[in-house]
Amino acid sequence: MNRKDHPVDLSAIRARLQASQGPRFWRSLEEVADTPEFREYLHREFPRGAAEWDETSDRRRFLKLMGASLALAGLTACTKQPRETIVPYVRAPEEIIPGKPLYFATAMPVGGGALGLLVESHMGRPTKIEGNPDHPASLGSTDAQAQAAVLDLYDPDRSQTVTRLGEISSWGTFLAEVREVLESQRTKRGAGVRILTEGVTSPTLAHQLRSILADYPEAGWHQYDPINRDHVRAGALMVFGTAVQPVYRFDQSSVVLSLDADFLSQGPGRIRYTRDFSARRRVREGRTEMARLYVVESSPSNTGAMADHRLPLRASEIERFVQALAAELGVAGGSNPSTDPRWSNWIGPVARDLRQRAGAGIVLAGDNQSPRVHALCHAINQALGNAGKTVVYTDPVEFESVDQLNSLRQLSSDIDSGTVELLLILGGNPAYNAPPDLRFPERLSKVKLRVHLSSHQDETSELCHWHIPQAHFLESWSDVRAFDGTVSLIQPLIAPLYAGKSIHEVLAIFTQNPNRSGYDLVRDYWRTQRSASDFESFWRTSLHDGVVAGTTFSNRSVVAGALPSVEVTPVQGVEVTLHPDPHVYDGRFANNSWLQELPKPMTHLTWDNAVLVSPAMAEQLGLSNGDVVELKVSESLATGPVWILPGQPADSIAVHLGYGRRRAGEVGTGVGFDAYALSHSNHFWSRSGVELRKLGRRMTLACTQHHHSMEGRNPVRAGTLEQYLQHPEFVHEMGEVPVGTSLYPEQTYTGDQWGMVIDLNACTGCNACTIACQSENNIPVVGKDQVANGREMHWIRVDRYFEGGLDNPATYHQPVPCMQCEDAPCEVVCPVAATVHSPDGLNDMAYNRCVGTRYCSNNCPYKVRRFNYLLYADWDTPSLQLGRNPDVTVRSRGVMEKCTYCVQRINAVRIEAKREDRSIQDGEIQTACEQACPAQAIVFGNINDPKSRISGLRGLKLNYGLLAELNTRPRTTYLATLRNPNPEMKST
């Protein structure tokens, strides 16, 4: 929805789709309705006014935004290496060589676990993040948040000094005041001390906290993270009687039932699970088996988009569904008091499919589902023999696992009683994300001395006496466990830019040496875990590899107890569900402009969250995209714009957390609305009885779903596994015609010829490729107003298509970079030869030739070229250059940009191969998008090499060229999407 859009007639759209008069694959409601606004997008290269500056926009905020996009803060300590010894992933030269990067293994703690990384460093400056191939949670891949972490490091809005009551102070003054309080607490055994952390997955941190509690036995340690796994732990306790954590082996599964579990996008194992699941979905000549995925979910997700069968239900109804399934399978605790017509044709076929593949199936629930749903999933996996095979159980990753909401309640109660004299809040932002009924901001004022460690001066810092700048994980020492228990050492790539402190260094104030470094604290802990004789070897090996050998959890043997049957009363009225945002997560990444501008996978919204409603609800209440509504649940209120999302359950509303920040920096403050206002400590994830009221005004939402449309074509090719096995040529009968005579002169290539294949059957639409490309190629953000004008700059976009009706359509994702056409329409129309063909077949851009005619963009049928209308990046200020890739030109305004297949990487490997007098090996060059992709959906290589991976993929019958009927002969091709529906339930 952009500022000139108007409401669409949903009843007419529904009728058109039911009559099969609309397109088979469609991207938006406006496209199906064929509105005048959508026709304008088709007939104009850019919307009206796209070539002019909008004088009504806030120029000052625009400039601040651009600075936050690439401002890389202060020159002090910018190129200074930490004094402690860090170990590069490859053999380091004797001294730093300008122009030659080093790679260091480290890990990113987020989402209740660790993601193993390799970080590229240029002259002591971290510039690019990749996955560590030796780490079990990443296997060399990353996600959008990890790719954007380098921008968080250089964020100019990060806290830069210790403050007391908002005034600049010093670490020494802080130590003096707090240690005086701690000394007085010794005689009280620490009765007045409370420490609040997020979930702890660091062995060193857990050791420190336990040591503090031993010295101050009456002190309290509390944990709170809004995206917690309380229900997962409670479900395991309910059925097993002990705290265990499930780990799923999707690479060994043949059938998966996901109950509101977006396992491809959320959770500590998301990247590994994406890799393993995608591997079981690939179909090649000679391999015809394909895992089947059933998804029951309360809002459309990336996982639901990959489903062979998807059932939209309200979150509260999923427990009744799984009870009916358990009863069908004969599992204790199941019940089927009534047959719901929405899932009556699911229970029998799904149960038979799971039973037929006993020992090779997975049933799992999302973190937001009730403990009983989790318990029933465990019981079903035990009964089917999946436990110990596709589902294994280990110790929990978090140390001292507790019910975090209950822990926060207990802290609130202690504060009310007046016993808390010193409260250390180490990370997190509870003043923003704690449920409103706990009144945590109000309670904070009752504590005598409040200390907050955080990266930004946020909502919680505002209410504390002391604020301590927190060091970024790329500038601090620590350790952290992955989803399977494997420990990684976190080593810094750069000295703290603002003298920030790690959580380990803050907790050192409880010891006799309060100024100990994080390096010493982490080393000393691990020294106690190893023999002195081999410690140095162990330390260097662990730093080099990025993993600590022998720390992966062993599998635990568990036995499910009988669950009593419980009658679940159907919830009446409209329900609202809360979800972590796919990009800004719980709000901690709100000030990251790369993530704010990244289109959401399912809605393609940028720079906002929205009230997601179903087409049925929109019809009933007369809602249109952009209508501002008020949501009320008991005393909870939230106000936000509506977005109509096909596939959303009829009587359910979904909202994403992480927006509505009051103190998040120049980028994130005031963006979107605060969905935490709807949460409650007893019902955090979903609440019923929602009242929705239109407020009579509208709001502009910057959505990219209309932009760069290839309307009237069949960009996506999709079919079923059965269809492919019976008629493999179906892919080429969906719109592609044989290539005829070309008007372009034929070129003969004898050397390397580069190409790319994208497997749509593996792509989950996670957008990691988009941010990887942005980080690699110094692509700036443009801001909400510019996105609304069609000026977004991403060189690779991920289109999302629907197929079918409004209420539960199938969903497909398609990454679209430059096609690198052999017969490129852009080249022949450029009057200055700025876009030309290279000897190895690439469609190159010569920036210093481009005069901005935009003829090439107008002539590109794929709409993959981006014109730099304004000076979006400050490329003169030296301090803004630290995080940029020095191997890629920084562009000014008036230049056409596009995907280059990461030609800088091609040239680097070519130079190295020439120096060593050898040929380039297959797989030796990885583009940024290929390297980041968790699903391994992107393959790059030499199409002239018949033994290369890409040559094999291009020879598959599933391979097709996008708009190949235009005779552009694209070097980027696709493998069609296949679904594997259950023959018993093809219609669902």
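Computed from a predicted structure; not experimentally measured.

Conventions we followed
- Residues numbered from 1 in each chain as written.
- Predicted model: local features only at pLDDT ≥ 70, side-chain atom pairs only at ≥ 80, totals over all residues.
- Heavy atoms only, no water.
- Phe/Tyr/Trp six-rings, centres within 6.5 Å; stacked < 30°, edge-to-face > 60°.
- Helix = DSSP H or I, 4+ residues; strand = E, 2+ residues; numbered from the N terminus.
- Buried < 20%, exposed > 50% of the residue type's maximum accessible area, 1.4 Å probe, protein only.
- Lys NZ or Arg CZ within 6 Å of the ring centre and 35° of its normal.
- Pairing = 2+ DSSP bridges.
- Axes fitted to C-alpha atoms, helices over the stretch in contact; angles between N-to-C directions.
- Contact = heavy atoms within 4.5 Å.
- Arc of directions from axis to C-beta.
- Right-handed = clockwise from strand over helix to strand, strands pointing away.
- Salt bridge = Lys/Arg side-chain N within 4 Å of Asp/Glu carboxyl O.
- pLDDT = per-residue confidence, 0-100.
- Polar contact = N/O pair within 3.5 Å; in protein donor to acceptor, adjacent residues only side chain to side chain.
- Parallel < 35°, antiparallel > 145°, perpendicular 65-115°, else oblique.
- Left-handed = near helix turned anticlockwise from the far one by under 90°.
- Nonpolar A, V, L, I, M, F, W, Y, C, P; charged D, E, K, R; others polar.

1. Some remarks on the packing of aromatic side chains
Thinking step 1. The tally for this structure, following the rule as stated, stands at 28 aromatic pairs.
Thinking step 2. Between Trp 171 and Phe 174, the ring centres sit 5.2 Å apart and the planes meet at 40 degrees, which makes this aromatic pair tilted. Within this pair, Trp 171 and its partner Phe 174 are both found in helix 7 (residues 171-186), separated by three residues, close to a single helical turn. The two residues Trp 171 and Phe 174 agree in class, both being buried.
Thinking step 3. One Lys or Arg, Arg 661, reaches over the ring of Tyr 432 and ends 5.0 Å from the middle of that ring.

2. Focus: the sheet that holds strand 11 (residues 292-297)
Thinking step 1. Strand order in this open sheet of four strands is 12-11-10-13, and the pairing throughout is parallel. If you trace the sheet from one side to the other, it starts and ends with strand 12 (309-312) and strand 13 (361-365), each paired once. When the angles between neighbouring strand axes are averaged without regard to direction, this sheet yields 10 degrees.
Thinking step 2. Alignment of strand 11 against strand 12, held across four bridges, turns out to be parallel. The residue of strand 12 that forms the bridge with Glu 297 is Pro 312.
Thinking step 3. Where helix 12 (residues 318-329) meets the sheet, its contacts fall on strand 10 (255-259), strand 11 and strand 12, and the angle it forms with strand 10 comes to roughly 145 degrees.
Thinking step 4. Those strands touched by helix 14 (residues 371-383) are strand 10 and strand 13, and its axis lies near 170 degrees from that of strand 13.

3. Quick look at the pairing of strand 37 (residues 938-942)
Thinking step 1. The element strand 37 is extensively covered by neighbouring structure, given that five of its five residues are classed as buried.
Thinking step 2. With five bridges joining them, strand 30 (residues 754-759) and strand 37 adopt antiparallel strand pairing. Paired with Met 756 across the two strands is Phe 940, which belongs to strand 37.

4. Overview of helix 20 (residues 535-545)
Thinking step 1. Residues of helix 20 that are buried include every one of Phe 535, Phe 538, Trp 539, Ser 542 and Leu 543, and no others. Projection of helix 20 onto a plane perpendicular to its axis shows the buried side chains occupying an angular sector of 125 degrees, all on one side.
Thinking step 2. Each element contacted by the buried residues of helix 20 is listed here: strand 2 (102-110), strand 19 (487-490) and helix 19 (518-527).
Thinking step 3. Just downstream of helix 20 lies Gly 546, where phi reads positive at about 85 degrees.

5. A look at the pairing of strand 8 (residues 220-223)
Two faces make up the sheet, and in a regular strand the side chains alternate between them.
Thinking step 1. Neither face of strand 8 is open: one carries Gly 220 and His 222, the other Trp 221 and Gln 223, and all of them are buried.
Thinking step 2. Considered for its hand, the β-α-β crossover made up of strand 7 (residues 193-197), helix 8 (residues 203-215) and strand 8 is right-handed.

6. What about the pattern of salt bridges?
Thinking step 1. Throughout the structure, instances matching the rule amount to 53 salt bridges.
Thinking step 2. In this structure, Arg 164 engages Glu 177 in a salt bridge whose closest nitrogen and oxygen atoms are separated by 3.0 Å. A residue pair is termed long-range when its members are at least 10 positions apart, and Arg 164 in strand 5 (residues 163-164) and Glu 177 in helix 7 qualify at 13 residues.
Thinking step 3. For Glu 177, a relative accessible area of 23% puts it in the partly exposed group.
Thinking step 4. Salt bridges sharing common partners tie together Glu 912, Arg 915, Glu 916, Arg 918 and Glu 924.

7. Examining the confidence of the model for the protein
Thinking step 1. Taken as a whole, the protein shows an average pLDDT of 87; of its residues, 89% reach a score of 70 or greater.
Thinking step 2. This model gives residues 66-82 a pLDDT under 50, and the stretch forms 60 contacts once residues within four places in sequence are excluded.

8. Some thoughts on the side chain of Thr 486
Thinking step 1. Its location among the elements puts Thr 486 in the loop between strand 18 (478-481) and strand 19.
Thinking step 2. In terms of polar contacts, Thr 486 uses its side chain to reach the side chain of Asp 484, at 3.0 Å.
Thinking step 3. Within the structure, Thr 486 has its side chain in polar contact with the side chain of Thr 552 (distance 2.6 Å).
Thinking step 4. When residues no more than four places from it in sequence are discounted, the contact partners of Thr 486 are Pro 136, Val 480, Arg 481, Val 547, Thr 551 and Thr 552.

9. Examining the packing of helix 12 against helix 13 (residues 344-356)
Thinking step 1. The N-to-C vectors of helix 12 and helix 13 enclose an angle of 55 degrees; their axes lie 9 Å apart at closest approach. Considering their axes alone, helix 12 and helix 13 lie oblique with respect to each other. Helix 12 and helix 13 meet at a crossing whose hand is right-handed. For the pair helix 12 and helix 13, the contacting residues are Phe 321, Ala 324, Leu 325, Glu 328 and Leu 329 in the first and Trp 346, Ile 347, Gly 348, Val 350, Ala 351, Leu 354 and Arg 355 in the second.
Thinking step 2. Taken together, the residues that form the contact of helix 12 with helix 13 break down as nine nonpolar, one polar and two charged.

10. Overview of the environment of Leu 631
Thinking step 1. Examined against the element boundaries, Leu 631 turns out to sit in strand 23 (residues 627-633).
Thinking step 2. By relative accessible area, Leu 631 is classed as buried at 0%.
Thinking step 3. Separated by 46 residues in the primary sequence, Leu 631 and Ala 677 have C-alpha atoms spaced 9.9 Å apart.
Thinking step 4. Once residues within four sequence positions are removed from consideration, Leu 631 is found in contact with Val 611, Ser 636, Leu 637, Ala 638, Ile 653, Val 655, Leu 678, Val 690, Glu 691 and Leu 692.

11. Examining unusual backbone geometry
Thinking step 1. Backbone geometry places Arg 189, a non-glycine residue, at a positive phi of 60 degrees.
Thinking step 2. Tracing the backbone shows Arg 189 in the loop between helix 7 and strand 7.
Thinking step 3. Despite not being glycine, Asn 767 shows a phi value in the positive range, around 75 degrees.
Thinking step 4. Relative to the elements of secondary structure, Asn 767 occurs in the loop between strand 30 and helix 24 (768-776).
Thinking step 5. Under the relative-accessibility criterion, Asn 767 is labelled buried at 5%.

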